[in-house]
Amino acid sequence: MNNSQKTVLISGGLGDIGRAIAIAFGREGFRVAVGDMPEEPEAGQLLEEMRSKGCKELFYYKADVTSEQETAGWLEAVAQKWGLPQVIVPNAGIVVSGSLTDDAMTTGQARRQLEVNFWGSYNLAVQAAKKLKAHNLPGRIIFMGSWAAERPTARISSYYCISKAAVRMLCKTLALELAAHNILVNEVAPGIVAGGPVEEKSAERS
Ligand SMILES: NC(=O)c1ccc[n+]([C@@H]2O[C@H](COP(=O)([O-])OP(=O)(O)OC[C@H]3O[C@@H](n4cnc5c(N)ncnc54)[C@H](O)[C@@H]3O)[C@@H](O)[C@H]2O)c1
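A short tour of the structure in this document, coming up. Just so you know, the residues in each chain are numbered from 1, in the order the chain's sequence is written. Totals for whole chains, interfaces and linings use every residue, but because this is a predicted model, local features are given only for residues with pLDDT of at least 70 and side-chain atom pairs only at 80 or more, for both listing and counting. Working from all heavy atoms in the structure, the side-chain values ignore hydrogens and water.

1. Side note on the site of the ligand
(1) Moving on: What surrounds the ligand is a group of 30 residues, the closest being Ile17, Asp36, Asn91, Tyr160 and Val193.
(2) Moving on: A 3.5 Å cut-off defines polar contacts: any pair of N or O atoms within that distance qualifies, except that in protein one atom must be a possible hydrogen donor and the other a possible acceptor, and neighbouring residues in sequence count only when both atoms are side-chain atoms. Taking Asp16, its main chain carries an N or O atom lying 2.9 Å from an oxygen atom of the ligand.
(3) Moving on: Within the backbone of Gly195, a nitrogen or oxygen atom sits 3.4 Å from a nitrogen atom of the ligand.
(4) Moving on: Within the complex, the protein chains bury 89% of what would otherwise be the 820 Å² of accessible surface of the ligand.
(5) Moving on: Numbering goes from the N terminus for both helices and strands, where a helix is a DSSP run of H or I of at least four residues and a strand is a run of E of at least two. Here the shell around the ligand gets 3 residues from one element, more than from any other, and that element is helix H6 (residues 196-205).
(6) Moving on: Gly counts as polar in this scheme, as do all residues outside two lists: the nonpolar Ala, Val, Leu, Ile, Met, Phe, Trp, Tyr, Cys and Pro, and the charged Asp, Glu, Lys and Arg. A class-by-class count of the residues in the shell around the ligand yields 15 nonpolar, 10 polar and 5 charged. For this description, a residue counts as near a given molecule or strand if any of its non-hydrogen atoms is within 4 Å of it. Computed with the Shrake-Rupley method and a 1.4 Å probe, the accessible areas treat only the protein chains shown as cover for residues.

Here is the structure:
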């Protein structure tokens, strides 16, 4: 890939890991399209910081990835501005704490975990892949997985582990489907990173 022509699209791009990914791509000369939940004015300070650290061309769009429509709108807005993004990073994620047999856990909370981590990743990856296929373009999809996909641990959240296991199989099946179309699909699976929900939990403990 010729970096000067490339655009990366990152969901949850205002989060701790998302910002680090955005800055790393920005420093490699990519145009960076970031989506997240806050309206742009709320995101202003973080966006400024990302610009100053290497994202020379940065485009922010408020998009909830659990919404097919908002995800489609984001992809369309980026395509209009810079052309179809060819590197996609479904990174948005949450942790819904609680064990499977906890009476206090509602079905709605449990579903939300899957809505964001699995369906949010699915919406973005599948919509982007369909567009790349339709235009016969190569691409990369890099899912944000987790070590928790293989390690049941109620300490973080049983629901979280299930959601990341689902992301892993989504990655594998999509990789198989898209290989012939020159779209490479991978997952990165970090261990515990000092950021995001993990940082919040450490702060609560201290
Ligand atoms: N922090 C860790 O230790 C760790 C370890 C392994 C994997 N991960 C994964 O890395 C990813 C990023 O986590 P982080 O640690 O940066 O957390 P974070 O909370 O800092 O970032 C997550 C971002 O996702 C956004 N988001 C949440 N729901 C969304 C939605 N519906 N639509 C769009 N954006 C949404 C949030 O607003 C936030 O900016 C997650 O998928 C997480 O599961 C984190």
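2. Side note on the environment of Leu170
(1) Moving on: With respect to the secondary-structure elements, Leu170 resides in helix H5 (residues 158-178).
(2) Moving on: Taking the C-alpha atoms as reference points, Leu170 and Phe118, separated by 52 residues in sequence, lie 8.4 Å from one another.
(3) Moving on: Any two residues whose heavy atoms approach within 4.5 Å are treated as being in contact. With near-sequence residues (within four places) excluded, Leu170 lies in contact with Phe118, Ser121, Tyr122 and Phe143.

3. Here's the deal with the environment of Ala72
(1) Moving on: Here Ala72 lies in helix H3 (residues 68-82).
(2) Moving on: Only protein chains enter the accessibility calculation, which uses a 1.4 Å probe. A residue is then buried if its area is under 20% of the maximum for its type, exposed if over 50%, and partly exposed in between. Overall, Ala72 belongs to the partly exposed group, its relative accessible area being 30%.
(3) Moving on: Residues Ala72 and Ala128, spaced 56 residues apart in sequence, show a C-alpha to C-alpha distance of 8.6 Å.

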